[in-house]
Amino acid sequence: SIKLRQTEIDALYLGVMDTAQGHQQVIITCEAKHYKDPFIPQQIINQVQAAFEATSVPVVIPIGMKAIRNVGFYVTEFQAVKREDASTLTELHLASHAVYELKPPVKGI
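Residues numbered from 1 in each chain as written. Predicted model: local features only at pLDDT ≥ 70, side-chain atom pairs only at ≥ 80, totals over all residues. Heavy atoms only, no water.

(A) Seen up close, the overall build of the protein. The number of helices and strands found in the protein is 2 helices and 8 strands. The linear arrangement of helices and strands in the protein, starting from the amino end, is β-β-β-β-α-β-β-β-α-β. Taken over C-alpha atoms, the radius of gyration comes to 15 Å for the protein, in line with the 13 Å a tight globule of 109 residues would show. Reported as C-alpha extents along the three principal axes, the dimensions of the protein are approximately 40 × 30 × 20 Å. (Helix = DSSP H or I, 4+ residues; strand = E, 2+ residues; numbered from the N terminus. Rg over C-alpha atoms; globule rule 2.2 N^0.38 Å.)

(B) Summary view of the pairing of strand S3 (residues 11-19). In the sheet, S3 pairs with strand S4 (residues 22-33) via 9 bridges, with the strands oriented antiparallel. Pairing of Leu 14 across the sheet is with Ile 27, part of S4. Two successive antiparallel strands, S3 and S4, enclose a turn made up of 2 residues. (Pairing = 2+ DSSP bridges.)

(C) Here's a closer look at the nonpolar core. Ranked by internal contacts, the top residues of the largest apolar core, which has 13 residues, are Ile 27, Val 48, Phe 52, Val 60, Val 81, Leu 89 and Leu 92. Counting residues per element, this core draws most heavily on helix H1 (residues 41-54), which supplies 5 residues. Residues contacting Ile 27, with those up to four places away along its chain left out, are Leu 12, Tyr 13, Leu 14, Ala 51, Thr 55, Val 57, Val 59, Val 60 and Ile 61. With 6 residues, the next largest nonpolar core counts Ala 11, Val 26, Ile 61 and Ile 63 among its residues. (Core = buried A, V, L, I, M, F, W, Y, C linked by side-chain atoms within 4.5 Å. Buried < 20%, exposed > 50% of the residue type's maximum accessible area, 1.4 Å probe, protein only. Contact = heavy atoms within 4.5 Å.)

(D) View of unusual backbone geometry. The omega torsion across Lys 103 and Pro 104 is 0°, close enough to zero to call that bond cis. Here Pro 104 lies in the segment after strand S8 (94-101). At Asn 70, a position not held by glycine, the phi torsion is positive, near 65°. Take Asn 70: it is sitting in the loop between strand S5 (59-68) and strand S6 (72-78). For Asn 70, a relative accessible area of 66% translates into the label exposed.

(E) Structural detail: the side chain of Gln 47. Mapped onto the secondary structure, Gln 47 falls in helix H1. A residue is classified by how much of its surface remains accessible, and Gln 47, at 0% relative accessible area, is buried. For Gln 47, the contacting residues outside a window of four places in its chain are Thr 7, Glu 8, Ile 9, Thr 29, Cys 30 and Glu 31.

(F) Molecular detail of the environment of Tyr 13. Mapped onto the elements, Tyr 13 comes out in strand S3. You can call Tyr 13 partly exposed: its relative accessible area is 44%. Expressed as a C-alpha distance, the spacing of Tyr 13 and Pro 105, which sit 92 residues apart in the sequence, is 26 Å. Contacts of Tyr 13, omitting those with residues within four sequence positions, involve Val 26, Ile 27, Ile 28 and Cys 30.

Treat this as a map of the structure, not an account of what it does.
What follows is the structure, given as structure tokens:
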């Protein structure tokens, strides 16, 4: 967990994305939720904006992970956000999502 000035990010990763201009570094923010808790879009938007404030990367990719009791995880990836769009970001757009079943099961999930 990373505590920044106005938000907390559960996990933060440095990634590399292939573009027409070559490789580009990106930050991936991750919001992790208990199976009972909903994703709060504004919380994830705040994380994206905070990641830009704390780094110099040009792109942030927000993801969310939510435990599914006795199954595994639901993972959702939102569309990448460019630095120039971060200050006016008001909504997230789904890029992909999937359910990952844990086998063998992990106690507590």
